[in-house]
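Working through the structure, step by step
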Amino acid sequence: MVSIRTAFAQSYNTPAIRLFEKTGVETSFKYLDAFDFKKVSKKDHHTSSAIGGFEYGMSPLELTDAYTSFNDGNYQPARAITKVTDQEGKVLYKWKDRSKEIWSKGTVAKMLQLLHGTSLSGTARKAYFPTDYVGGKTGTTNDVKDIWFVGLTANYTTGVWVGRDKPSTLQSIYSHSPHVLIWKDISQTAE
């Protein structure tokens, strides 16, 4: 038995599965409906999804996009090009996406604490640097074939995935936390 803070910061699987079972599969998946996860389907509605056991999962961009909602509770898909204008500045095309509220202020505050704890004393300690806010979540797959980190600062949300085109173990580099260190380099430069 551990606190939710410890379980989250240390990426313990058993508490995540217990919480998922307590919440229920359908209720848990309703929270994902608000995000643009293209490959999440009914086939994923099982307990192992609580720890990332999806058939196809989500792309690093989709996951990073979703984490952006922990800044203020709102979600809007990321777009590389927000609008197209002519030479005079007349808008020829603009996305019609509207921000939608996903999380309450209370939920956002709790999530920011959990994410921050991961960078202070959890699996993402190497991500921490002195700034207004640093928080995030690490992840890996069985046999350490993929490692990722999605983190937030006060101004940016960034996701880093490290893997190979043909999956094979990354165990030899895992302890060096390349995914976290890449994120830190990007985030410190952006601040």
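In case you missed it, the structure is sitting above this.
Here goes a summary of the coordinates provided.

Definitions and limits used
Residues numbered from 1 in each chain as written. Predicted model: local features only at pLDDT ≥ 70, side-chain atom pairs only at ≥ 80, totals over all residues. Heavy atoms only, no water. Pairing = 2+ DSSP bridges. Helix = DSSP H or I, 4+ residues; strand = E, 2+ residues; numbered from the N terminus. Axes fitted to C-alpha atoms, helices over the stretch in contact; angles between N-to-C directions. Contact = heavy atoms within 4.5 Å. Buried < 20%, exposed > 50% of the residue type's maximum accessible area, 1.4 Å probe, protein only.

Re the sheet that holds strand β5 (residues 134-140)
Across the sheet, which stays open at both edges, the three strands sit in the order β5-β6-β7 with antiparallel pairing between neighbours. Looking along the sheet, the strands with just one partner apiece sit at the ends: β5 and β7 (157-163). On average, each strand axis in the sheet is inclined to that of its neighbour by 10°, with strand direction left out of account. Bridge analysis of strand β6 (residues 146-153) against β7 gives seven bridges, and the strand direction is antiparallel. Opposite D146, over in β7, you have G163 as the bridge partner. Lying over the sheet, helix α4 (residues 60-67) contacts β5, β6 and β7, oriented at roughly 30° with respect to β6. Packed on one face of the sheet, helix α8 (residues 178-190) meets β5, β6 and β7 and runs near 30° to β6.

A word on unusual backbone geometry
The phi angle at V144 is positive, at roughly 50°, despite the residue not being glycine. On the basis of relative accessible area, V144 is assigned to the buried category, the value being 10%. Notably, S177 is not glycine yet its phi reads approximately 55°, a positive angle. Secondary-structure assignment places S177 in the loop between α7 (171-174) and α8.

These results come straight from atomic positions and should not be treated as a statement about function.
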